[in-house]
Amino acid sequence: MNTIVVAQLQRQFQDYIVSLYQQGFLDNQFSELRKLQDEGTPDFVAEVVSLFFDDCSKLINTMSISLERPDNVDFKQVDSGVHQLKGSSSSVGARRVKNVCISFKECCDVQNREGCLRCLQQVDYEYKMLKTKLQDLFNVSFKLCENLLVLLVYSFY
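Residues numbered from 1 in each chain as written. Predicted model: local features only at pLDDT ≥ 70, side-chain atom pairs only at ≥ 80, totals over all residues. Heavy atoms only, no water.

An unreviewed UniProt entry annotates the protein chain as Histidine-containing phosphotransfer protein of Arabidopsis thaliana x Arabidopsis arenosa. Word for word, the UniProt comment on the protein chain under Function (unreviewed entry) is "Functions as a two-component phosphorelay mediators between cytokinin sensor histidine kinases and response regulators (B-type ARRs). Plays an important role in propagating cytokinin signal transduction." (UniProt positions renumbered as here; feature names shortened; annotations may be inferred.)

Structure (structure tokens):
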């Protein structure tokens with residue numbers, strides 16, 4: 001019974017990862033990140049991604065505050081936030097977030113506040129979508145590990 005559940009969860013996990021690549025949420029850098037995970041650091045990817053999401057939230061909040069003053073926008077500060085967000089999204093393989101940051105940077109370069117506000121909304125949306133999808137992926141991974149552990153325990157009986 002549990003071997004069937006494990007096989008289904010493995011298939012679900014793989015299918016879900018493939019769909020995240022196909023939908024453009026992730027790029028190959030996420031695969032590279034996964035390769036760094038091993039038995040000694042089984043939660044490595046989840047921890048790195050969690051830090052990324054914490055940083056995203058802070059950066060988006062800071063940029064939002066900077067952009068809310070129409071007469072006194074500090075575009076250098078916004079640009080710095082966009083640069084950080086683009087770098088961190090690139091390092092975890094968050095393709096859609098990174099791509100929005102490219103447009104966001106262009107709007108900062110020409111000091112287009114309305115364009116920056118649109119990009120800020122879009123980056124916030126993409127970050128939240130990716131966060132939800134990766135949480136779902138990690139939940140499937142956790143269920144898979146639980147079931148593998150049950151199989152391992154029962155194999156000793």
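After that view of the structure, there is still more to cover.
Turning to the overall build of the protein chain, a few remarks are in order. A count of helical and extended segments in the protein chain gives six helices and zero strands. Going residue by residue from the N terminus, the α and β elements of the protein chain occur as α-α-α-α-α-α. The C-alpha radius of gyration of the protein chain comes to 19 Å, more than 25% above the 15 Å expected for a compact globule of 157 residues. Projecting the C-alpha coordinates of the protein chain onto the three principal axes gives extents of approximately 70 × 30 × 25 Å. Expressed as a percentage of contacts within the protein chain between residues at least 6 apart in sequence, the contacts between residues at least 24 apart total 66%. (Helix = DSSP H or I, 4+ residues; strand = E, 2+ residues; numbered from the N terminus. Rg over C-alpha atoms; globule rule 2.2 N^0.38 Å. Contact = heavy atoms within 4.5 Å.)

Quick look at the UniProt feature "domain: HPt" (unreviewed entry) in the protein chain now. Following the UniProt record, the feature "domain: HPt" (unreviewed entry) maps to residues 41–137 here. Secondary structure content for residues 41–137 is 85% helix and 0% strand, while the C-alpha to C-alpha distance between its ends is 18 Å.

Taken from the UniProt record, the annotation "modified residue: Phosphohistidine" (unreviewed entry) applies to His83. Inspection of the secondary structure puts His83 in helix α4 (residues 75–92). Residue classification places His83 among the exposed residues on the basis of a relative accessible area of 56%. (Buried < 20%, exposed > 50% of the residue type's maximum accessible area, 1.4 Å probe, protein only.)

Within the chain, Gln111 stands out as a residue other than glycine whose phi angle is a positive 55°. The topology assignment puts Gln111 in the loop between α5 (95–109) and α6 (113–155). Of the residues examined, Gln111 reaches a relative accessible area of 54% and is grouped as exposed.

Formed by 42 residues in total, the largest nonpolar core has its most connected members in Phe30, Met63, Phe104, Val123 and Leu134. Listed by contribution, the elements that provide at least two residues to this core are α1 (2–22), α2 (28–35), α3 (44–67), α4, α5 and α6. In terms of residue count, the dominant contributor to this core is α6 (10 residues). (Core = buried A, V, L, I, M, F, W, Y, C linked by side-chain atoms within 4.5 Å.)

Attention now goes to the packing of aromatic side chains. Per the stated rule, a full pass over the model turns up two aromatic pairs. An angle of 50° between the planes, with centres 5.3 Å apart, marks the rings of Phe52 and Phe53 as tilted. Phe53 matches Phe52 in its accessibility class, with the two residues each being buried. Ring centres of Phe53 and Tyr127 lie 5.9 Å apart, and the angle between their planes is 50°; this geometry places the pair in the tilted category. (Phe/Tyr/Trp six-rings, centres within 6.5 Å; stacked < 30°, edge-to-face > 60°.)

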